[in-house]
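Here's the letter readout for the chains.
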Amino acid sequence: MHRHTTPTQSDLECMLRDEKVEPKALPLSLLEDISNGFSDEREIGRGGYAVVYKGMLENGAIVAVKRLSNTHMCEKEFQRELNV
Ligand SMILES: Nc1ncnc2c1ncn2[C@@H]1O[C@H](COP(=O)(O)OP(=O)(O)OP(=O)(O)O)[C@@H](O)[C@H]1O
């Protein structure tokens, strides 16, 4: 069964390819993998609440990985960031 397993890079590739595929929460380890451990060389921008990194997938796709930096963010602020 595939449904309840932890999402992998190929699941993320599917989500990016087909917007009808239901989005799944990705494990932190996957985001670390594709951003080279949130390395400084991969930083592409920062805002008031987050640092954004270039994420590279095995199939060559490039995605923005947004890492929220304010741990005291309230639920409303968090939801607003998700709506970007
Ligand atoms: N999808 C993306 N692709 C490329 N660069 C991005 C993407 N999202 C964000 N960035 C870059 O990262 C920066 C920070 O983004 P972020 O969304 O955290 O802040 P913001 O919306 O610019 O500002 P604020 O945090 O004040 O709302 C952006 O200014 C942009 O340079």
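As annotated in an unreviewed UniProt entry, the protein carries the name Protein kinase domain-containing protein and is attributed to Aegilops tauschii subsp. strangulata.

What follows covers the site of the ligand. All residues in the neighbourhood of the ligand are listed as I44, G45, R46, G47, G48, Y49, A50, V52, A64 and K66. G48 is positioned with one of its backbone polar atoms (N or O) 2.7 Å from an oxygen atom of the ligand. Among the elements of the structure, β1 (43-46), β2 (50-56) and β3 (62-68) are those that each provide at least two residues to the shell around the ligand. With three residues, the single largest contributor to the shell around the ligand is β1.

What follows deals with the pairing of β1. Along a regular strand, successive side chains alternate from one face of the sheet to the other. Relative to β2, β1 runs antiparallel, the two being bridged by three bridges. Bridge pairing links G45 to V52 in β2.

With respect to burial, β2 is a largely interior element, five of its seven residues being buried. Count of turn residues in the β1/β2 antiparallel hairpin: three residues. One ladder, built from seven bridges, connects β2 with β3; its direction is antiparallel. When the bridges of β3 are listed, G55 appears paired with V63. With antiparallel pairing between neighbouring strands as the criterion, β2 and β3 make up a hairpin whose turn holds five residues, including G60 at a positive phi of roughly 95°.

When the UniProt feature table is mapped to this numbering, "binding site: ATP" (unreviewed entry) covers K66. Among the structural elements, K66 can be located in strand β3.

What follows is about the confidence of the model for the protein. Of the residues in the protein, 93% reach a pLDDT of 70 or more, and the chain-wide mean stands at 89. Per-element confidence in the protein ranges from a low mean pLDDT of 81 for helix α3 (residues 75-82) to a high of 97 for helix α2 (residues 28-34).

Note that M56 resides in strand β2. With 19 residues separating them in the primary sequence, M56 and G37 have C-alpha atoms 12 Å apart. Setting aside residues no more than four positions away along its own chain, M56 makes contact with I34, R42, A61 and I62.

Analysis parameters
- The numbers attached to residues start from 1 for each chain and follow its sequence in the written order.
- Per-residue local features are limited, in this predicted model, to residues with pLDDT of at least 70; the limit for side-chain atom pairs, both in listing and counting, is 80 or more; totals at the level of whole chains, interfaces and linings are taken over all residues.
- The basis for every side-chain value is the complete set of heavy atoms in the structure, and neither hydrogens nor water enter the calculation.
- Here, proximity means that at least one heavy atom of the residue falls within 4 Å of the molecule or strand.
- Under the rule applied, a polar contact is a pair of N or O atoms within 3.5 Å (in protein, one hydrogen donor and one hydrogen acceptor; residues adjacent in sequence only if both atoms are side-chain atoms).
- Secondary structure is summarised from DSSP: a helix means a run of H or I of at least four residues, a strand means a run of E of at least two, and numbering begins at the N terminus for each.
- Paired strands, in this sense, are two strands between which DSSP finds at least two bridges.
- When accessible area is computed with a 1.4 Å probe and restricted to protein chains, residues below 20% of their type maximum are described as buried, those above 50% as exposed, and intermediate ones as partly exposed.
- UniProt positions are given in the numbering used here, feature names are shortened, and annotations may be inferred rather than shown by experiment.
- Note: pLDDT gives the predictor's confidence per residue, expressed from 0 to 100.
- Here a residue-residue contact requires only that any non-hydrogen atoms of the pair lie within 4.5 Å.

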